2 protein chains.
Amino acid sequence: MEYPPLVDIVKDQWPADVIARAQELQAEIGSVGAYSHSKGIPLIRKHVAQFISERDGYPSDPEDIFLTAGASAGVALLLNTLITPHKTGILIPIPQYPLYTATLAQFNGVAVPYHLSEIDGWSTSLDEIRAALKKAEISSSDITPRALVVINPGNPTGALLDQKTMDELVQLCEEHSLVLLADEVYQANLHRPAEHPFHSFKQTVRRLNSPVPLISFHSISKGVFGECGRRGGYFECCNIPADVRALLYKMVSVGLCPPLSGQVGVDCLVRPPKDGEPSHALWKRETDSIHAALAQRTQLMAARLNALPGVSCVNSPGALYLYPKLELPQGAVEAARKLGKEADTLYALELLEETGICVVPGSGFGQKEGEHHYRLTCLCPGVEEYVGMLEKFHLGFLKRYGDA
Amino acid sequence: MEYPPLVDIVKDQWPADVIARAQELQAEIGSVGAYSHSKGIPLIRKHVAQFISERDGYPSDPEDIFLTAGASAGVALLLNTLITPHKTGILIPIPQYPLYTATLAQFNGVAVPYHLSEIDGWSTSLDEIRAALKKAEISSSDITPRALVVINPGNPTGALLDQKTMDELVQLCEEHSLVLLADEVYQANLHRPAEHPFHSFKQTVRRLNSPVPLISFHSISKGVFGECGRRGGYFECCNIPADVRALLYKMVSVGLCPPLSGQVGVDCLVRPPKDGEPSHALWKRETDSIHAALAQRTQLMAARLNALPGVSCVNSPGALYLYPKLELPQGAVEAARKLGKEADTLYALELLEETGICVVPGSGFGQKEGEHHYRLTCLCPGVEEYVGMLEKFHLGFLKRYGDA
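Values in this document were obtained by computation on a predicted structure and should not be read as measured data.

Caption draft 1: Layout of the relation of the copies chain B and chain A. Mapping chain B onto chain A calls for a screw motion: a turn of 180 degrees about the axis and a shift of 0.0 Å along it, with 0.0 Å RMSD after fitting. When the rotation and shift are considered jointly, the pair of chain copies conforms to a two-fold rotation axis.

Written as structure tokens, this is what we have:
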């Protein structure tokens, strides 16, 4: 018995532009079961370059694009490449998504932490970076700072960089001969884009006509897609010499190729349905409703958290998170110490136990000595009920450990 | 407009057991677009453990199974873990699939090469391994040999280890406190299984009741599947302490999870249709015909290559390759030297130019000084025409560069 190909079965039931896209990709790829080019399927890299050109208003070359198994695979590759057997320092923001510290540990690199400025809405402070560089220089060790990691929009902070700060960061990289690693995976998660728009570092570097070597990371795991299980993403090389790009190509070849289903996901990310195409209306309705829901939940949660005693919370303009600061009673700090834990870890564990809500304590992202935070995702529907449980728990926690 | 789910569209047109399997996996996984457990979906790891138990006759624990993005991702993880900042030596076969040398270079490990024995059908010689260990010990450097890589069935050689040699290899690892890394990705590619069966190292270690730490790798990229673009595979830990296994779990967590479509592929690999199920007949016909075609092509190509002047070729009992040895005329060696190339590279380039057939020169896999080989895959249909072109090219090459 023979079974008909999938496309023949669904072609009368699914939108014509979806079928046409699948057929175009199939003609190019052949089979998602076969290896592709180690940098990713050429046609999809061409589509990525078109997306970047249209986003930034500056050209992008498909040869500078590497498709990856999510942004994390790209970050690991770049850190691995940058770290030499000597003490290579990589400047990372604090708080930061722990991918960076974990990957640095894996490749024997040295994290050179710089603090983000909570009172300025978690903005990136040039002074903090300069202080971190100075500290690395004058410390007894022989650390060579080689790259600056910037996460924009921020994880876990949800902050967005303004254009002036971005210009200064590029200039700082020039002054200190640093490679700029721009983690821009949340670029489509903007809650108040008129007030806080996203600018790419690629656009900034090109506008300033800067020679700074830049690698920008993007992913299908965030945005309105969230297709994280497919493991798709890309990075773009900007001002990277051809021999270094060839070395990166050699290194990705060892792992054969990125997962094909992730590559196809990247094609969908960079080439959404166009106005007039049959699937556009459904795509737009879905996309708009996800953006609106995230913005509304983030706003509501920030307002309600800020109304709680001992909680202050930057109202994130982007990403998927809030990162509230907690003023915890001394009793909680001491109870946590007895358990060998940070007070925000105790808070998170009790919250999980009591409500089933899972948050990540600030100690997992790094924070200043004596401070306490946690990261809260804004993805969960039923936000009223959810925040109600958080409020009730928080007041109970203060009472349980409070000095009053 | 709403579109019906795929399963509703195809359920009357595809075999019932295929639909039932998809529904079972979907109930477990939810969505292939979401992250899974970092070690892989628990149900699929359970199926892998059942497959291993049935294959070997010894139990396997799902907690010892890690699903990976192809075997190469697992190999990279283990080499990364084994290599410390000191000079960690990893024993690798020569010739070898260059994944090993490339990954060792990436993580600053030291390759400790041991030669396979071509006159014994590319078998693994204990004496060669002992000689390599001795050489590493007495060299001026302070290399610490930590692991032994064995590729069985071999790539590029297609050799299969016999049980006696496997027992001795396990004992050697015991004596020298080596971790055994068993690359068994070609375990289903057996051309003469009655004469040359596959035994797993897991079975060998358990039968000998050996304490040797063993990691075995398998993949969906080979066998009769060849679903390499999905990036699926697994490794099993045997005699690995719980704290080391926990560390491996921590390390894979940094990359979030293996690609879901590769994980689903692993489930299909370890749980083929059973006799009596609707899709069994088609599966068996496909599988049998692929096995038979590979065996027949390998046999025919080996016989025809061996009939050529200056070519000798082990008739591989497994994997997807032949690895013929070439006696090349001095004229070719000199012409290659002038171009800064090895003579087998010159041979491969001219073969590609003249016939369109792409082979990998032996210098890419490692070989003894002055020897020449190339690796030929046995996957191509139309083998008569293909071998005819090879023969014609070879005779022309000898004439072009020959002393006669």
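Caption draft 2: Looking closely at the pattern of salt bridges. Considering all chains together, one arrives at 38 salt bridges over all chains under this definition. For Arg-230 of chain A, the salt bridge identified is with Glu-227 of chain A, shortest N-O distance 2.7 Å. Owing to a relative accessible area of 27%, Arg-230 of chain A belongs among the partly exposed residues under this scheme. Residue Arg-130 of chain B is joined to Asp-127 of chain B by a salt bridge in which the shortest nitrogen-to-oxygen separation is 3.9 Å. Here Asp-127 of chain B and Arg-130 of chain B lie together in helix α6 (residues 126-138), a separation of three residues that amounts to about one turn. A residue is classified by how much of its surface remains accessible, and Arg-130 of chain B, at 37% relative accessible area, is partly exposed.

Caption draft 3: Fine view of the sheet that holds strand β11 (residues 360-361) of chain A. Reading across from one edge, β9-β12-β11 (chain A) is the order of the three strands in this open sheet, with antiparallel pairing throughout. Whereas interior strands pair on both sides, the edge strands pair on one side only; in this sheet they are β9 (321-322) and β11 of chain A.

Caption draft 4: Representation of the packing of α6 of chain B against helix α7 (residues 163-175) of chain B in the model. Residues and elements named next belong to chain B. One can describe the packing of α6 onto α7 by two numbers: an axis separation of 11 Å at closest approach and a directional angle of 20 degrees. As the angle between them shows, α6 and α7 are arranged roughly parallel. The two elements α6 and α7 meet at a crossing, and its hand is right-handed. Contact residues: α6 offers Leu-126, Ile-129, Arg-130 and Leu-133, while α7 offers Thr-165, Glu-168, Leu-169, Leu-172 and Glu-175.

Caption draft 5: Focus on the packing of aromatic side chains. Residue and element names in this part refer to chain A. Here the structure, examined in full by the defined rule, presents 21 aromatic pairs over all chains. When the centroid spacing of 4.8 Å and the interplanar angle of 10 degrees are considered together, the rings of Phe-66 and Phe-235 count as stacked. One end of the pair, Phe-66, is in strand β1 (residues 65-68); the other, Phe-235, is in strand β7 (residues 233-238), with 169 residues separating them in the sequence. Taken individually, Phe-66 and Phe-235 each receive the classification buried, so the pair is uniform in this respect. Here the aromatic rings of Tyr-347 and Phe-397 are separated by 4.9 Å at their centres, their planes lie at 70 degrees, and the arrangement is edge-to-face.

Caption draft 6: Focus on the nonpolar core. In terms of nonpolar packing, the biggest core is built from 129 residues, with Leu-181 of chain A together with Leu-181 of chain B touching the most fellow members. Look past the residues within four positions of Leu-181 of chain A in its chain and what remains in contact with it is Leu-78, Leu-79, Leu-82, Ala-147, Leu-148, Val-149, Val-150, Ile-215 and Phe-217 of chain A.

Caption draft 7: Inspection of the side chain of Arg-231 of chain A at higher detail. Mapped onto the secondary structure, Arg-231 of chain A falls in the loop between β6 (214-219) and β7. No salt bridge is formed by the buried Arg-231 of chain A, whose closest oppositely charged neighbour, Glu-227 of chain A, lies at an N-O distance of 10 Å. Of note is the side chain of Arg-231 of chain A, whose polar atom sits 3.0 Å from the backbone oxygen of Cys-228 of chain A. Within the local environment of Arg-231 of chain A, its side chain forms a polar contact with the backbone oxygen of Cys-257 of chain B, the two atoms lying 3.2 Å apart.

Caption draft 8: Spotlight on unusual backbone geometry. Pro-95 of chain A follows Ile-94 of chain A through a cis peptide bond whose omega is 0 degrees. In the segment running from Asn-155 of chain B into Pro-156 of chain B, the intervening peptide bond is cis, with an omega of 15 degrees. Non-glycine residue Asn-239 of chain A carries a positive phi angle of around 60 degrees. Mapped onto the fold, Asn-239 of chain A is located in the loop between β7 and α9 (242-254). Residue class for Asn-239 of chain A comes out partly exposed when judged on its relative accessible area of 27%. Despite not being glycine, Ala-319 of chain B shows a phi value in the positive range, around 60 degrees. Its place among the elements puts Ala-319 of chain B in the loop between β8 (311-312) and β9 (321-322).

Caption draft 9: Region of interest: the sheet that holds strand β11 (residues 360-361) of chain B. Residue and element names in this part refer to chain B. Taken in spatial order, the three strands of this open sheet run β9-β12-β11, and their pairing is antiparallel. At either end of the open sheet lies a strand with only one pairing partner, and these are β9 and β11. One ladder, built from two bridges, connects β11 with strand β12 (residues 374-377); its direction is antiparallel. Opposite Val-360, over in β12, you have Arg-375 as the bridge partner.

Caption draft 10: Seen up close, helix α3 (residues 42-56) of chain A. Residue and element names in this part refer to chain A. The end-to-end C-alpha distance of α3, which contains 15 residues, comes to 21 Å, matching closely the 21 Å that a straight helix rising 1.5 Å per residue would cover. All buried positions along α3 are accounted for by Leu-43, Ile-44, Arg-45, His-47, Val-48, Ala-49, Phe-51, Ile-52 and Asp-56. As for α3, its buried residues are in contact with α2 (16-29), β1, α8 (201-207), β6, β7 and α10 (260-270). Phi for Gly-57, located one or two positions after α3, is positive at around 75 degrees.

Conventions we followed
Residues numbered from 1 in each chain as written. Chains lettered and ligands numbered in written order. Predicted model: local features only at pLDDT ≥ 70, side-chain atom pairs only at ≥ 80, totals over all residues. Heavy atoms only, no water. Least-squares fit on C-alpha atoms with pLDDT ≥ 70 in both. Salt bridge = Lys/Arg side-chain N within 4 Å of Asp/Glu carboxyl O. Buried < 20%, exposed > 50% of the residue type's maximum accessible area, 1.4 Å probe, protein only. Helix = DSSP H or I, 4+ residues; strand = E, 2+ residues; numbered from the N terminus. Pairing = 2+ DSSP bridges. Axes fitted to C-alpha atoms, helices over the stretch in contact; angles between N-to-C directions. Parallel < 35°, antiparallel > 145°, perpendicular 65-115°, else oblique. Left-handed = near helix turned anticlockwise from the far one by under 90°. Contact = heavy atoms within 4.5 Å. Phe/Tyr/Trp six-rings, centres within 6.5 Å; stacked < 30°, edge-to-face > 60°. Core = buried A, V, L, I, M, F, W, Y, C linked by side-chain atoms within 4.5 Å. Lys, Arg positive; Asp, Glu negative; His and termini not counted. Polar contact = N/O pair within 3.5 Å; in protein donor to acceptor, adjacent residues only side chain to side chain. Expected span 1.5 Å × (residues − 1).

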